[in-house]
Amino acid sequence: TQSTRPQRLLHAVQKNATRGDPRSVVKAIDNFCRQKEWAMNVGDEKGCILDSVVSEVNPVTVLELGTYCGYSTVRIASLLPPRAKIITLEFNPDYAKIARQVIAWAGLEDKIQVVEGPSGEWIPKMKEQFGVKTFDLVFLDHWKDRYLPDTKLLEDCGLLRKGSILLADNVICPGTPDYLEYVRNSPRYKSQYFKSHLEYTKAEDGLEKSVFLG
Ligand SMILES: O=C(NC/C=C/[C@H]1O[C@@H](n2cnc3c(NCCO)ncnc32)[C@H](O)[C@@H]1O)c1cc(-c2ccc(F)cc2)cc(O)c1O
Ligand SMILES: [Mg+2]
């Protein structure tokens, strides 16, 4: 039977990356997406901006919305301090399965918890199920029309504290207009746009970094 693109991406990691070396996993995926098949990973250019924000925030608790194949999950986790953790939500079981194997190849299982299911159901359960108080960093990279409702849900569930950082992918392409309008005009956020390019292309895209002011 025909393989899927995520399966072919996983095979590229297992063939070209060194077990236990997260950066080689990131490199293998970027090479696969540049040379073989485009895939919707945040990619190397926006990935460098992601790296700098993670390093600056030095988060202990991270939430990622939309794991896909685990590229950004591995990228973020490889920069976390020892006891820090990332919870990543993925509702497609096939993608979750691939992501777990990519994460295992990188040797980052201890820092990453892949939770299967829709963000709308899991966000309200974060405190009781995972003992999370608040998130230091949230990376939004799931369905673009869900960025705003899920941000409001995070606020309502008390999962953001003064200084929590939201970092959103694709605010230009495919675009998240309602989310951008909200974080840029709400008095509860201080927002900043990092101009870049759509992964593996010359099209414009960028990340929006928003600090929750409480
Ligand atoms: O569409 C894009 N990303 C979506 C990601 C979805 C992943 O996240 C999972 N997911 C979705 N909603 C939820 C959810 N909650 C919401 C539903 O309950 N809860 C949990 N998991 C969820 C999916 O199962 C996928 O694994 C994109 C497109 C382009 C693009 C640009 C230009 C082009 F021409 C083509 C494509 C570039 C990008 O960087 C992109 O991120
Ligand atoms: Mg994206």
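Everything below is about the structure printed above this text.
Model, not experiment: these values are computed from the prediction. (Residues numbered from 1 in each chain as written. Chains lettered and ligands numbered in written order. Predicted model: local features only at pLDDT ≥ 70, side-chain atom pairs only at ≥ 80, totals over all residues. Heavy atoms only, no water.)

**What about the pairing of strand 4 (residues 135-140)?**
This is how the line gets drawn: A 1.4 Å probe rolled over the protein chains alone gives each residue an accessible area, and that area as a share of the maximum for its type sets the label: buried under 20%, exposed over 50%, partly exposed in between. The numbering of helices and of strands both runs from the N terminus, where a helix is a DSSP run of H or I of at least 4 residues and a strand a run of E of at least 2. Strands were regarded as paired on the criterion that DSSP finds at least two bridges between them. Handedness rule for crossovers: strands pointing away from the viewer, path from the first strand over the helix to the second running clockwise, crossover right-handed.
With six of six residues buried, strand 4 lies mostly within the body of the structure. Sheet analysis places strand 1 (residues 61-65) next to strand 4, joined by four bridges and oriented parallel. Bridge pairing in strand 4 places leucine 63 opposite valine 138. Sheet topology note: the strand 4/strand 5 (residues 160-168) ladder contains five bridges and is parallel. The partner of phenylalanine 135 across the bridge, within strand 5, is leucine 160. Handedness of the crossover joining strand 4 and strand 5 through helix 8 (residues 147-156): right-handed.

**Notes on the site of ligand 1**
We apply this condition: For this purpose, a residue is taken to be near a molecule or strand whenever a single non-hydrogen atom of the residue falls within 4 Å of it. Polar contact criterion, stated in full: a pair of N or O atoms within 3.5 Å, where within protein one must be able to donate a hydrogen and the other to accept it, and residues adjacent in sequence count only if both atoms are side-chain atoms. Values of accessible area rely on a 1.4 Å probe in the Shrake-Rupley scheme; residue burial ignores everything except the protein chains shown. Throughout, the protein atoms alone are placed on a 1 Å grid, and a set of points is a cavity if a 1.4 Å probe fits but cannot get out or a pocket if it is open with protein on both sides within 12 Å along at least five of seven lines; lining residues have an atom within 4 Å of a point. Whether a molecule sits in a cavity or pocket is decided by its atoms, more than half of which must lie within 2 Å of the grid points. In this count, Pro and Cys sit with the nonpolar residues alongside Ala, Val, Leu, Ile, Met, Phe, Trp and Tyr, while Asp, Glu, Lys and Arg are called charged and the others, Gly among them, polar.
Close to ligand 1 lie 23 residues, the nearest being Glu90, Ser119, Asp141, Asn170 and Glu199. Here an oxygen atom of ligand 1 sits 2.9 Å away from a polar atom, N or O, in the side chain of aspartate 141. Between ligand 1 and lysine 144, the relevant distance is 2.9 Å, taken from an oxygen atom to a side-chain nitrogen or oxygen of the residue. When ligand 1 sits alone it has 830 Å² of accessible area, and the protein chains cover 82% of it. Counting atoms within 2 Å of the grid points, the majority share of ligand 1 lands in the largest pocket. Elements that contribute at least two residues to the shell around ligand 1 include exactly strand 2 (85-90) and helix 9 (171-175). In terms of residue class, the shell around ligand 1 is built from eleven nonpolar, six polar and six charged.

**A look at the coordination of the magnesium ion (ligand 2)**
Heads up, the rule is: Note on donors: an N, O or S atom is included if it sits within 2.8 Å of the metal, or within 3.2 Å for Na, K and Ca, and water is never included, so sites can look incomplete.
Bound to the magnesium ion (ligand 2) on the protein side are Asp141 (OD), Asp169 (OD) and Asn170 (OD1), at distances that span 2.0 to 2.2 Å. All donors to the magnesium ion (ligand 2) come from one chain, and their sequence spacing reads D-x27-D-N. In this pair, aspartate 141 is assigned in the loop between strand 4 and helix 8 and asparagine 170 in the loop between strand 5 and helix 9, connecting sequence segments 29 residues apart. Of the two residues, aspartate 141 and asparagine 170, both sit in the buried class.

**What to know about the side chain of aspartate 205**
We count it as follows: Note on definitions: a residue-residue contact is assigned when non-hydrogen atoms from the two residues lie within 4.5 Å.
The residue aspartate 205 is located in strand 7 (residues 204-212) in this model. Reaching out from aspartate 205, the side chain makes a polar contact with the backbone nitrogen of isoleucine 172 at a distance of 3.2 Å. Ignoring sequence-local partners within four residues, the contact set of aspartate 205 consists of Lys46, Asp169, Asn170, Val171, Ile172, Cys173, Tyr193, Phe194, Lys195, Ser196, His197 and Leu198.

**Considerations on the layout of surface pockets**
Left-over empty space is what a probe sized like a water molecule reveals as it rolls over the atoms. So the rule is basically this: Grid points are joined across faces, edges and corners, and a volume is the space filled by probe spheres set on the points.
Space inside the largest pocket adds up to approximately 460 Å³. As for the largest pocket, its lining consists of 27 residues, of which Gly66, Phe91, Asp141, His142 and Trp143 are closest to the centre. Split into classes, the residues belonging to the lining of the largest pocket amount to twelve nonpolar, eight polar and seven charged. Estimates place the volume of the second largest pocket at around 180 Å³. In terms of lining, the second largest pocket is formed by Thr4, Pro6, Gln7, Leu10, His11, Asp94, Tyr95, Lys97, Ile98 and Gln101. Among the elements of the structure, helix 1 (5-16) and helix 5 (93-106) are those that each provide at least two residues to the lining of the second largest pocket.

**Some remarks on the nonpolar core**
To keep it simple, the criterion reads: Think of a nonpolar core as a cluster: buried Ala, Val, Leu, Ile, Met, Phe, Trp, Tyr and Cys residues, connected wherever their side-chain atoms sit within 4.5 Å.
Ranked by size, the top nonpolar core spans 43 residues in total, and within it Leu9, Val25, Ile29, Val74, Ile76 and Val102 carry the most contacts. Put simply, the parts of the chain that give this core at least two residues each are helix 1, helix 2 (22-35), helix 3 (43-57), helix 4 (71-77), helix 5, strand 3 (112-116), strand 4 and strand 5. With seven residues, the top contributor of residues to this core is helix 5. Apart from residues no more than four positions distant in its own chain, valine 74 is found in contact with Pro22, Val25, Val26, Val102, Ile103, Ala106 and Leu108. Counting 26 residues, the second-largest nonpolar core is a separate cluster that includes Leu160, Leu166, Tyr179 and Leu180.

Just geometry here; none of it tells us what the structure is for.
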